[in-house]
Structures are given as structure tokens and as C-alpha cells.
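Residues per chain are reported as follows:
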Amino acid sequence: IAGVELEDDMEDCTDGTWKQSGQRYFTCPPRRAFFCTLDALKPDSRFDPTASQRVNPLSEIPMEEIAPDSDAHMITPSTPIENQVERYIGEERGIQGHQNSCYLDATVFGLFALSSVFDSMLAEDSEDPAQQEVRELFRNGIVNPLRKNGAARYESVMKLRNKLDNLGRMKGIAHEEKDPEEFLNMLFKHMLAAKPFISIKRPFGVEEEYFVQLFLELTEADKMPDIQALLTRMFKEQSICFTKVPMVVLIQVPRFGKQFKTFAKVIPNLKLNVAELIENASTARCFICDEQPAYYVCEDCSRDDDFNPGHSEDIKCFCEECNKRVHQKKSRKDHKVKDEKPEAQLELLSVICIETSHYVCFTRAEKRWLFFDS
């Protein structure tokens with residue numbers, strides 16, 4: 001049995017005391033000591049001077065099959081998507097990791113391996129020579145070989161990192177670990193000149209953005225929230241809304257900090273309904289509380305004497321909370337209520353997450369999930 005001190009707090013860890021015996025073997029901050037068998041450990045590459053010289057092997061695939069693709073056109077994911085999934089299954093598949101590249105590998109795999117949503121920004125040519133070179137390195141060296149053969153070599157990733165480093169857009173990108181958000185923001189905005197995917201109306205004006213960052217205070221109900229609940233609550237609290245239905249949304253979820261934890265767990269919804277978050281999604285006001293939006297319509301309530309002492313038969317609209325309260329009354333349980341809530345759903349593509357300074361990716365193709373770790 002080995003005892004190790006973690007960099008961050010973790011549930012069920014101790015201060016160096018082994019719970020089964022109650023004996024202390026070493027001293028560290030609370031919730032940092034983790035005990036496990038020796039075969040569950042491996043050297044930390046960050047402290048291995050030879051690690052930068054080693055790469056994950058791709059010996060099963062001939063070099064010429066995963067070399068940079070000379071074809072200038074995008075290779076789109078296979079259809080049906082299940083055909084593409086099989087190409088990525090196995091130890092020597094995906095994007096080859098090298099010199100702290102996990103943040104880039106996981107992000108690129110999550111966005112491009114099983115989806116063509118972002119293809120347009122790589123498929124188009126640019127009049128700017130630097131932007132065009134980045135497009136070609138990204139498209140022909142990484143994305144196309146990945147989709148064609150299920151693997152992309154580290155040399156292509158290093159060429160892209162070195163090019164971005166030489167351009168001075170992100171210091172240290174060639175060898176240091178970065179955040180996926182840093183990498184994507186630099187890539188979208190500066191190198192690919194992609195138009196922002198999201199238009200958000202705020203109290204001070206409209207902003208065009210690439211990401212939505214969930215930023216809100218904890219409440220008692222936030223022990224295990226989902227993305228839908230957090231996004232909806234944040235938009236309401238901050239009086240913001242989408243100006244139109246977004247085609248894609250990249251969401252930054254509050255994650256663990258070294259000194260505190262924002263949320264213990266956050267559940268990613270497989271489908272995200274943004275209909276209520278769009279500007280002017282509903283002009284109807286609730287008959288009871290006069291709040292918007294009021295999506296529940298009941299024609300039977302228009303003939304209810306409690307609501308219409310003057311026999312007005314205006315159709316009654318209710319918000320979700322008032323609709324439940326109004327139709328709890330026995331005399332109204334048989335009312336036929338129409339739910340006219342608009343649908344604007346986005347499907348979850350990938351979850352990129354970090355565990356002890358290492359990024360990995362979960363991405364999905366319909367009902368199948370793939371875990372990727374470079």
C-alpha cells in the first residue's frame with residue numbers, strides 16, 4: 001500500500017491517516033492523503049526529465065497512413081456516425097500526446113472527432129498568410145488524419161503549437177499546459193477569425209461571444225445542480241438573454257479550486273433547452289402573478305367564475321408555478337392545459353474536464369460515449 005499527497009482536496013481523503021488502521025503515516029493538509037495499491041500508481045511526467053522526449057506510440061499504424069493529409073478539403077465524419085466511432089476504439093487511437101499537450105488534444109478531439117459543427121472555420125481559405133497556414137496545419141495535419149484513420153501524430157500537433165508560439169499569440173503554448181478556453185479563444189478569435197457563435201443581450205448592451213461562463217452564487221439547492229438549472233438561473237439573475245437561437249454553445253462550468261469548491265458536482269444535460277433564454281421568447285404575462293413568460297394556456301379557466309366574475313372569456317395564460325397551483329383545485333383538475341413552451345434544444349456533444357492537472361474528454365455519438373485520454 002502507498003500513501004500519496006494530492007495537489008487538491010478530494011472526498012474521503014485524510015490528513016495522512018489510514019482510515020482502516022487509524023494510524024498516521026505522514027502529515028499533509030486534510031482531504032489530501034490518498035492510499036492505494038502500488039500497481040495503481042505511475043510516475044508523474046511533469047517531474048521526469050526524460051518525459052519530454054517520450055511520446056505515446058502509434059506503432060500499429062504505418063507512418064504514411066497518419067502523416068499530414070495533402071488534401072486541401074475537409075474530411076467530414078462518416079455517416080452513420082457509428083462507423084466513425086469504431087475508428088477511435090483502442091489504446092493507440094486519437095491524438096498522440098506530447099509535452100503537456102493534453103489540453104489541446106482533448107479539446108480538438110471533443111470538437112472535431114465526431115462532429116462537423118466547427119468545420120466551416122477550417123474549410124474556408126484566408127487572405128491572411130498566417131491564418132491560412134494555421135488552418136492548413138490544423139485541418140491537414142490533425143483533423144483529417146484523425147477522421148480518416150482514427151489517429152493523429154504528435155508531430156502535427158507540435159507544428160501547430162510552435163507556429164502559434166512563434167506568432168506570439170499565447171506565450172508558452174509550445175511546451176506548457178494551458179486551459180482549453182485560452183487555446184480556443186486564441187484560435188477562434190485571432191487565428192481563424194471565426195465569428196462569435198453567441199449573441200447575448202446584457203443590461204449595458206449586446207455582446208458577441210464564443211463562450212458562456214457560468215458565474216453565480218451557491219444556494220442550498222446547488223448540492224448537485226445540472227447545466228440547465230444553472231444556465232437558466234444565471235440568465236434570470238443577471239437579466240441577460242440570447243438575442244437569437246445559438247447554433248452552438250460552449251459553456252464554462254465552475255470547477256474545483258485549490259482553496260475552495262464552487263460545486264461538488266455538476267450534471268451535464270444531454271439536451272439543453274434555451275427557448276426561455278431567448279429575447280422576446282414570450283410576450284404573454286401570467287394571469288395570476290403578471291410575470292413573464294407564461295407558456296401554459298387554459299381555455300377552461302376562461303370560463304371559470306373565480307377568474308371571470310364579469311363573465312369575460314379571455315384565454316388565461318399562466319407561468320409554470322401558478323399553473324400548478326391553480327390546477328390543484330379539484331374543480332380544475334380536468335382542465336385541458338396546453339403547454340405552448342417553445343422548443344430550442346441543443347444536444348450535448350462533449351465534456352472536457354480536468355483531473356489533477358490532466359485534461360481528458362468524453363464525447364458522444366447518439367447513444368454511444370467515447371472516453372479520450374492522450
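Look up a bit, the structure's there.
Residues numbered from 1 in each chain as written. Predicted model: local features only at pLDDT ≥ 70, side-chain atom pairs only at ≥ 80, totals over all residues. Heavy atoms only, no water.

Participant: Report on the pattern of salt bridges, specifying residues and quantitative values.
Facilitator: Inspection of every chain in the model, using the stated rule, returns 13 salt bridges. In this structure, the salt-bridge partner of Glu176 is Lys178, at a minimum N-O distance of 3.3 Å. On the basis of relative accessibility, which here comes to 12%, the residue Lys178 falls in the buried class. Its salt-bridge partner being Arg233, residue Glu237 comes within 3.1 Å of it at the nearest N-O pair. Placement of both Glu237 and Arg233 in helix α7 (residues 227-237) is noted, with a separation of four residues, approximately one turn of the helix. Salt bridges sharing common partners tie together Arg202, Glu207 and Glu209. (Salt bridge = Lys/Arg side-chain N within 4 Å of Asp/Glu carboxyl O. Buried < 20%, exposed > 50% of the residue type's maximum accessible area, 1.4 Å probe, protein only. Helix = DSSP H or I, 4+ residues; strand = E, 2+ residues; numbered from the N terminus.)

Participant: An account of the packing of helix α4 (residues 129-149) against helix α6 (residues 180-191) is requested, with residue identities and associated values reported.
Facilitator: Helix-helix packing is described using two parameters, namely the angle between the two axes and the distance between the axes. For the pair α4 and α6, the least separation of the axes is 10 Å and the interaxial angle reads 130°. By the criterion of interaxial angle, the relationship of α4 to α6 is oblique. In this structure, α4 uses Ala130, Gln131, Val134, Arg135 and Phe138 to contact α6, whose residues at the interface are Phe183, Leu187, His190 and Met191. Of the residues in the contact of α4 with α6, the class split is six nonpolar, two polar and one charged. (Axes fitted to C-alpha atoms, helices over the stretch in contact; angles between N-to-C directions. Parallel < 35°, antiparallel > 145°, perpendicular 65-115°, else oblique. Contact = heavy atoms within 4.5 Å. Nonpolar A, V, L, I, M, F, W, Y, C, P; charged D, E, K, R; others polar.)

Participant: Quick one: what's the story with α4, residue by residue and with numbers?
Facilitator: In an α-helix there are 3.6 residues to a turn, and that puts residues three or four apart on one side. The terminal C-alpha atoms of α4, which comprises 21 residues, lie 29 Å apart, in line with the 30 Å expected from a rise of 1.5 Å per residue. In the structure, α4 departs most strongly from a straight axis at Arg139, where the bend amounts to approximately 30°. Extensive coverage of α4 is indicated by the burial of 15 of its 21 residues. Measuring from the side-chain oxygen of the N-cap residue of α4 to the backbone nitrogen of Ala130 gives 2.8 Å; that N-cap residue is Asp128. One or two residues past the end of α4 sits Gly150, with phi positive at roughly 80°. (Expected span 1.5 Å × (residues − 1). Bend = angle between axes of the 7 residues up to and from the residue. Polar contact = N/O pair within 3.5 Å; in protein donor to acceptor, adjacent residues only side chain to side chain.)

Participant: Go over the nonpolar core with me, naming the residues and quoting the values.
Facilitator: A general tendency of soluble globular proteins is for nonpolar side chains to be buried together. If you look at the biggest cluster of nonpolar residues, it comprises 67 residues, and the most contacted ones within it are Phe138 and Phe183. With eight residues, helix α2 (residues 102-112) is the largest single contributor of residues to this core. If you look at the next biggest cluster of nonpolar residues, it comprises 11 residues, including Val297, Cys298, Cys301 and Cys322. (Core = buried A, V, L, I, M, F, W, Y, C linked by side-chain atoms within 4.5 Å.)

Participant: Tell me what's going on with the sheet that holds strand β10 (residues 241-242), and back it up with residues and numbers.
Facilitator: Judged by pairing direction, the sheet is antiparallel, and its three strands sit side by side in the order β8-β7-β10 without closing on themselves. Of all strands in the sheet, those with a lone pairing partner are β8 (205-209) and β10, marking the two edges. (Pairing = 2+ DSSP bridges.)

Participant: Can you explain the pairing of strand β7 (residues 198-202)? Please cite residues and give values.
Facilitator: The element β7 is extensively covered by neighbouring structure, given that four of its five residues are classed as buried. Hairpin connection, β7 to β8: the antiparallel pair is bridged by two residues. Of the strand pairs in this sheet, β7 and β10 are connected by two bridges, and their pairing is antiparallel. Residue pairing across strands places Ile200 opposite Phe242, the latter belonging to β10.

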